[in-house]
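Results of the structural survey
Each chain, written out:
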2 protein chains.
Amino acid sequence: MNPTDDIAAYMDRVGAAARVAATAMARAGSAAKDDALRRLAAALRANLGPLQQANELDLAAARAAGLAEPMVDRLKLTAKVVETVAEGCEQIAAMPDPIGEISELRRRPTGISVGRMRVPLGVFGMIYESRPNVTIEAASLAIKSGNACILRGGSEALHSNLALWKLVQGALVDAGLPADAVQLVETTDRAAVGRLITMPQHVDVVIPRGGKGLIERIAAEARVPVIKHLDGNCHVYVDAEVDLEQAVTVTDNAKTQKVSPCNATESLLVHAAQAAAFLPRIGAVFAAKGVEMRCCPAAKAMLAAVPGARVVDATEADWDTEYLALVISIKVVASLDEAIAHVNRHGSHHTDTILTTNHPNAMRFLREVDSASVMVNASTRFADGFEYGLGAEIGISTDKFHARGPVGLEGLTSLKWIVLGQGEIRR
Amino acid sequence: MNPTDDIAAYMDRVGAAARVAATAMARAGSAAKDDALRRLAAALRANLGPLQQANELDLAAARAAGLAEPMVDRLKLTAKVVETVAEGCEQIAAMPDPIGEISELRRRPTGISVGRMRVPLGVFGMIYESRPNVTIEAASLAIKSGNACILRGGSEALHSNLALWKLVQGALVDAGLPADAVQLVETTDRAAVGRLITMPQHVDVVIPRGGKGLIERIAAEARVPVIKHLDGNCHVYVDAEVDLEQAVTVTDNAKTQKVSPCNATESLLVHAAQAAAFLPRIGAVFAAKGVEMRCCPAAKAMLAAVPGARVVDATEADWDTEYLALVISIKVVASLDEAIAHVNRHGSHHTDTILTTNHPNAMRFLREVDSASVMVNASTRFADGFEYGLGAEIGISTDKFHARGPVGLEGLTSLKWIVLGQGEIRR
């Protein structure tokens, strides 16, 4: 397909082709899908040279455009990146096929048996930025889950994405599957995105990956369901009864192991009964790592004496802020109730953890915190499709509807009802 | 709350109150929720007189406005209707509490255990017409599933709905639950609906019940997810290998047992190998019951000689039409492939059944027909929350996203991830 003509007509053709391919993919056997994934892994390894040549065009353009080096880094198809996505394809091939799985089949008093069968959603659109490895991750999840997908990567990665996509199409065709099961939007025209998210006849769901602004804009304009990943204002709550040593280790890990992911902790709540014991200890760790602490007055008083600590007053806005940086907000709370209410009000319903040795408190936090992932005595950094055993992750949902939290193959499927009868009729 | 002031401000107050109530409902114990449901059942029975007095106001207004008698009938709170909804409350009270259920809790190599917990969606809005019993059905499902709901019934049933709602609020308060867990929009101003479907800060999902036009309008204007129930263009496919006697019985039941529900069959496909044997037999049944048959040329030729049969030529539009009447479209197909392709193209992805004795064909139909309910050797009329054992039904979804087909308590919930650790950190 050639995007030189009218964008709407081009996207309609892409959408219609995806819909046709989706029917064939829904019917495809596990062997063919896994064969395509293994062929793709082999093709990625065999084509490292050509992939890096295409990638070099994007890198040169990015440097010429004055992109900051961390941004250029995210674009890079290093040998390690390519090997990682190839291994990812093989891992997905080795997973059980989710499609066709029948569950909960039960006999009813009328004689019919009623159950559910897992089926693909149909066609999903994926909108993403920079990292070209997302092209392969999305394609491999689409293939395994029996969906067709339409990929819209960042314009800065177009050459890399085109080169990767050609390998995907080759693997599909060699495995006897339709090439259009994975399509890449070949134009960088922004109008293509507007069309992609407003074609319910061709697209069943859209998954945007990028900044909060992008995702909010897409959600506002979309006419199809959107699996949204907004911000991750994650909390650690240190309870009144706690293993202090462990609490320091987990809180440190949740904040500093890596500050840029959405599951990094941004806010620390400490029960008043532990504040005097816990805060100076974690404060010393944060001081050594250069973490700025934005504190309520009570926390500030307990942290002020820590040598080298960067302690400032928190404003109201701090409780709602995802820093993605060496900054944390800290508040002393009077009770578990106050902690839960604070998390539900100021958090982003992403991931929150309680550190406690008290079982009833752990269970209350688990039940009452309204977040996609709620943890007990574990680092928020575990909120991740791979860590959860999903094998792969197409995104993380901060919504409650359909998929919540890390979304793997299951989030790309739906359950239909099946009824097995022997000629029963309704009375 | 008093709706005499600005509608938007009124709806915002209702929404904010629902959000507060939802937090308490999510935390509510099973005993309190079941107590409220049993108190509601008792109150309905004890207040039959006052309910019928309120209902009489609606009936008188409906008759004065010249409403057709079948429409007036749907408004009626007969003793039987009230007893049925009271029993429904007791049945829901007797069901297991879906909230807090933990599933799939598995140990990961890192030491953490990862699983899922079923939690309420939060606040749902319900938009419906005429039948006031929906007020109690929606309220009872909201209570059991730990959600808050905002009900917007038809203006023609406002007095009845207000009387029913007062009983719901009384039962909630007597059980120690917040009265605002179930709110009824007290104004008949249509602007209230427009606001209800565009307050994502207060409302998590909207469930409209009514004509296709209403639902399409709501879906187009909503800024929150909508559980949509569009049309039911359901199919019976009679395969090449079939028990003819059974096929006649099931096809007859699927079409004529009741013609107005969405799960009644609208289109009959017959394999060419059985057409000459099957069509005259079902044609005789349809002729006796006055069913008009809109036929392809091959079917027409085989049905023309049936005494008393009303046989006409089908137009292209017939294949896409939901009649909800004593009319059926009939087509002879050359193969199972043609049947599946026809159903997926012309059906409405609601409910379709294959009548066959051939196992591979049954399995292919089950897998490849992309509908909310796919059946083998059973009447399409079974597609119903009660028949499926859901205990109750808030609606039927023709979407694939989130809930598909009959939606019971589970469709009003979501799964969050839970992580149980012993101080694990991410490496």
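Residues numbered from 1 in each chain as written. Chains lettered and ligands numbered in written order. Predicted model: local features only at pLDDT ≥ 70, side-chain atom pairs only at ≥ 80, totals over all residues. Heavy atoms only, no water.

A word on the environment of Ala61(A). All names here are of chain A. Its place among the elements puts Ala61 in helix H3 (residues 48–64). On the accessibility criterion, Ala61 (44% relative accessible area) is partly exposed. For the pair Ala61 and Glu156, spaced 95 residues apart in sequence, the C-alpha to C-alpha distance is 7.7 Å. (Helix = DSSP H or I, 4+ residues; strand = E, 2+ residues; numbered from the N terminus. Buried < 20%, exposed > 50% of the residue type's maximum accessible area, 1.4 Å probe, protein only.)

Residues and elements named next belong to chain B. For the pair helix H13 (residues 336–346) and helix H14 (residues 359–368), interaxial distance at closest approach is 11 Å and the crossing angle is 20°. Regarding the angle of H13 to H14, the classification is roughly parallel. For the crossing formed where H13 meets H14, the hand is right-handed. Within the contact between the two elements, H13 uses Leu336, Asp337, Ile340 and Asn344 and H14 uses Asn361, Arg364, Phe365 and Glu368. (Axes fitted to C-alpha atoms, helices over the stretch in contact; angles between N-to-C directions. Parallel < 35°, antiparallel > 145°, perpendicular 65-115°, else oblique. Left-handed = near helix turned anticlockwise from the far one by under 90°. Contact = heavy atoms within 4.5 Å.)

Our focus in this paragraph is the sheet that holds strand E10 (residues 310–313) of chain B. Taken together, 10 strands build an open sheet; the order of strands is E1(A)-E2(A)-E16(A)-E13(B)-E12(B)-E7(B)-E8(B)-E11(B)-E9(B)-E10(B) and the sheet is mixed. Every other strand in the sheet has two partners, leaving strand E1 (102–107) of chain A together with E10 of chain B as the edge strands with one partner each. Within this sheet the neighbouring strands show an average axis-to-axis angle of 25°, counted without direction. Sheet analysis places strand E7 (residues 234–238) of chain B next to strand E8 (residues 265–271) of chain B, joined by 5 bridges and oriented parallel. When the bridges of E8(B) are listed, His235(B) appears paired with Ser267(B). Contacts between helix H11 (residues 272–289) of chain B and the sheet are confined to E7, E8, strand E9 (292–295) and strand E11 (327–333) of chain B, with E8(B) contributing the most and set at about 145° to the helix. (Pairing = 2+ DSSP bridges.)

Moving on: the domain arrangement of chain A. Interface size is commonly expressed as the accessible area that is lost once the parts come together. Entries for chain A in the domain assignment read domain 1 (7–227 + 403–420) and domain 2 (234–387). Here the C-alpha centroids of domain 1 of chain A and domain 2 of chain A sit 35 Å apart. (Domains from an automatic or database assignment.)

Tallied over the full model, the rule gives 4 aromatic pairs over all chains. Plain terms: the ring middles of Tyr388(A) and Trp417(B) are 4.9 Å apart, the flat faces sit at 40° to each other, and that makes the pair tilted. Note that Tyr388(A) is positioned in the loop between strand E13 (373–378) and strand E14 (395–397) and Trp417(B) in strand E16 (residues 413–424), a pairing that runs across two chains. For the pair Tyr388(A) and Trp417(B), one class covers both residues: buried. (Phe/Tyr/Trp six-rings, centres within 6.5 Å; stacked < 30°, edge-to-face > 60°.)

Before going further, it helps to examine the pairing of strand E16 (residues 413–424) of chain A. The side chains of a regular strand alternate between the sheet's two faces. Taking burial as the measure, the 12 residues of E16(A) include 10 buried ones, the bulk of the element. For strand E2 (residues 113–120) of chain A and E16(A), the ladder comprises 8 bridges, and the chain directions are antiparallel. Bridge assignment links Val119(A) to a residue of E16(A), and that residue is Ser414(A). When E16(A) meets strand E13 (residues 373–378) of chain B, the two strands line up parallel, connected through 5 bridges. When the bridges of E13(B) are listed, Val419(A) appears paired with Met375(B).

In this section: the interface of chain A and chain B. Contacts between chain A and chain B engage 64 residues on the former and 64 residues on the latter. When the buried surface of chain A facing chain B is broken down by residue, Phe401(A), Trp417(A) and Arg426(A) rank first, second and third, together holding 17% of it. Linking chain A with chain B are 6 salt bridges, by the criterion used here. The salt bridge partner of Arg426(A) is Glu387(B), with a shortest N-O separation of 3.1 Å. Our count for the contact surface shared by chain A and chain B stands at 44 residue pairs in polar contact (both at pLDDT 80 or more). Elements supplying a minimum of two residues to the side of chain A that touches chain B: E2, helix H10 (244–256), helix H14 (359–368), E13, strand E15 (405–407) and E16 of chain A. When residues in the side of chain A that touches chain B are grouped by element, the largest group, 11 residues, is from E16(A). Of the residues contributing to the side of chain A that touches chain B, the split by class is 30 nonpolar, 18 polar and 16 charged. (Buried area = accessible area lost by both parts, 1.4 Å probe. Salt bridge = Lys/Arg side-chain N within 4 Å of Asp/Glu carboxyl O. Polar contact = N/O pair within 3.5 Å; in protein donor to acceptor, adjacent residues only side chain to side chain. Nonpolar A, V, L, I, M, F, W, Y, C, P; charged D, E, K, R; others polar.)

Turning our eyes to something else, we now look at the side chain of Lys33(A). Residues and elements named next belong to chain A. Following the sequence through the fold, Lys33 ends up in helix H2 (residues 30–46). Taking relative accessible area as the criterion, Lys33 reaches 1% and is therefore assigned buried. Looking at Lys33, its side chain comes within polar contact range of the main-chain oxygen of Lys144, at 3.2 Å. With residues up to four places along the chain from it excluded, the contact list for Lys33 reads Ala28, Asp97, Ile99, Ile143, Lys144, Gly146 and Leu177.

The sites that UniProt annotates as "domain: Aldehyde dehydrogenase" (unreviewed entry) are residues 10–284 of chain A. For the annotated span residues 10–284 of chain A, helix accounts for 53% and strand for 16% of the residues, and the straight-line distance between the end C-alpha atoms is 58 Å. (UniProt positions renumbered as here; feature names shortened; annotations may be inferred.)

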